[in-house]
Amino acid sequence: MSKVTGFFAAVVVLIGISPVCADTSGRITVTGEGSAFAIPDMAVITMGASAEADTAKSAMDQTSEVTAAILDRLTEAGVAERDIQTSDLSLSPLWSNRQSSDNRPSIEGYQASNRVTVRVRDLDALGTILDAVLSDGANQLGGLQFMVADPEPLLNEARVKAVADARARAELFATAAGVALGPLISLNEGGSQTPRPEMMGMARMADESVPFAQGETELRASVTLVYQIEME
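In this text the structure is predicted, and so the values were computed from the model without any measurement.

Undergrad: Describe the nonpolar core, with residues and values.
TA: Of all hydrophobic cores here, the largest spans 24 residues; its most connected members are Met 47, Ile 70, Leu 74, Val 118, Leu 126, Ile 129 and Leu 130. When contributions to this core are tallied by element, the ones reaching two or more residues are β2 (42-53), α2 (56-76), β4 (107-120), α3 (126-135) and β5 (140-147). Among the elements that make up this core, the one with the highest residue count is α3 (5 residues). Every residue in contact with Ile 129, bar those within four places of it in the chain, is listed here: Leu 74, Ala 77, Val 79 and Val 120. The next biggest cluster of nonpolar side chains, apart from the first, holds 11 residues, and it includes Ala 162, Ala 166, Leu 225 and Tyr 227.

Structural data, given as C-alpha cells:
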C-alpha cells in the first residue's frame, strides 16, 4: 500500500512541475535611437598662450602676461567669471637633440602653456571676442563646441523618439517572425550623446573678423527594450 501511495505522490509532483518546464515563451530585444535638433545658443572654446624661453620663469611669465590680457578682454566683453575656468597650466623642459653616447641630453629651454575654457553665451559676440584675444597674443585656440544652455528638453525629445523607434523595430521583427509581441519586460537607456568639439586651427582665423558657422546642434539618445513574445 505504501508503495502505491508513493507512486501516485511522485506522479502528482511531476504533473505539478510540468507546466513550468513547458513554458517556452521567448523574448525579443531591440535597440532604438532618437535625435533632436536645435539652434545652439552657447559656445564653449579653449584659448590661451604657449611660449618658449631660456628659463622656466621667463616662459611662464610670457604666458601669464598673455593669459591676463585674455581674462581682461573676456571680462570687458561681458563674460561672467563662472564661465571662465583654467583648463591647462603646464611647464616642461626642452631637451637637446644630441644623440652622441658621450653627451647626455641637456635642457636647452622651457615651454610653458596656460589655457582657459570659456563659455560664450552671446554668440553674436563670439567672432569679436576671438579676434580680440588673438590681438592680445593668444596663440592657442581649440575645442570649439556649439551647444544649448538647457539640453534636457532636447534629450527628453530624443529619448521619446528612441523608445518609439525601438517599439517599431520590435513590432516589425515580431511580424516578420510570425509571433505576437507581448508585454514590455525591461527598458534600459543606452546613454545620450552631445556634439563633439570641433578643433579650430589658427589658419582658419587669419581674417580680421573671425568667421564661424554655428549650424544646428544634435543630441542623441538610445534605449534597449525587451519584450516577451508569444506564438500566434
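What follows picks up the thread again.
Undergrad: I'd love a proper account of the confidence of the model for the protein chain, names of residues and values included.
TA: Confidence in the prediction of the protein chain, expressed as mean pLDDT, is 82, and 79% of residues score 70 or more. For the stretch residues 1-24, pLDDT sits under 50, and the model shows 0 contacts to residues farther than four places along the chain or on other chains. In this model, residues 196-208 is a region of pLDDT below 50 whose contacts with residues beyond four sequence positions or in other chains number 27 contacts.

Undergrad: Go over the side chain of Asn 114 with me, naming the residues and quoting the values.
TA: In this fold, Asn 114 is placed in strand β4. In this structure Asn 114 comes out as buried when scored by relative accessible area, which is 10%. When sequence neighbours within four positions are dropped, the list of residues in contact with Asn 114 reads Met 47, Gly 48, Ala 49, Thr 63, Thr 67, Thr 86, Asp 88 and Leu 89.

Undergrad: Now, about the pattern of salt bridges: what can you tell me, with residues and values included?
TA: Overall, the coordinates contain 11 salt bridges when judged by the stated rule. Between Lys 57 and Asp 61 there is a salt bridge, and its shortest N-O distance comes to 2.8 Å. Taken as a pair, Lys 57 and Asp 61 lie in helix α2 at a separation of 4 residues, close to a single helical turn. On the accessibility criterion, Lys 57 (59% relative accessible area) is exposed. Put simply, Asp 83 and Arg 121 hold a salt bridge, and the shortest N to O gap is 2.9 Å. Of the two residues, Asp 83 sits in the loop between α2 and β3 (84-95) while Arg 121 sits in the loop between β4 and α3, which places them 38 residues apart along the sequence. Owing to a relative accessible area of 4%, Asp 83 belongs among the buried residues under this scheme. Take Arg 121: its relative accessible area is 37%, and that puts it in the partly exposed class. Each of Asp 83, Arg 119 and Arg 121 takes part in salt bridges that share partners, so that together they form one network.

Undergrad: Requested: an account of helix α4 (residues 152-177), with residues and values cited.
TA: Compared with the 38 Å implied by 1.5 Å per residue over 26 residues, the 37 Å span of α4 between its first and last C-alpha is a close match. Residues of α4 that are buried: Leu 154, Leu 155, Ala 158, Ala 162, Ala 166, Ala 170 and Ala 174. Once α4 ends, the next one or two residues include Gly 178, with phi positive near 70°.

Undergrad: Run through the sheet that holds β4, naming residues and quoting values.
TA: Taken together, 4 strands build an open sheet; the order of strands is β3-β4-β2-β5 and the sheet is antiparallel. At either end of the open sheet lies a strand with only one pairing partner, and these are β3 and β5. Direction aside, neighbouring strands of the sheet carry axes that sit 10° apart on average. Relative to β4, β2 is paired through 11 bridges, and the arrangement is antiparallel. Among the inter-strand pairings, Gly 48 is bridged to a residue of β4, identified as Arg 115. Packing of α2 onto the sheet brings it into contact with β2, β3 and β4, and relative to β2 it is tilted by some 155°.

Rules behind the numbers
Residues numbered from 1 in each chain as written. Predicted model: local features only at pLDDT ≥ 70, side-chain atom pairs only at ≥ 80, totals over all residues. Heavy atoms only, no water. Core = buried A, V, L, I, M, F, W, Y, C linked by side-chain atoms within 4.5 Å. Buried < 20%, exposed > 50% of the residue type's maximum accessible area, 1.4 Å probe, protein only. Helix = DSSP H or I, 4+ residues; strand = E, 2+ residues; numbered from the N terminus. Contact = heavy atoms within 4.5 Å. pLDDT = per-residue confidence, 0-100. Salt bridge = Lys/Arg side-chain N within 4 Å of Asp/Glu carboxyl O. Expected span 1.5 Å × (residues − 1). Pairing = 2+ DSSP bridges. Axes fitted to C-alpha atoms, helices over the stretch in contact; angles between N-to-C directions.

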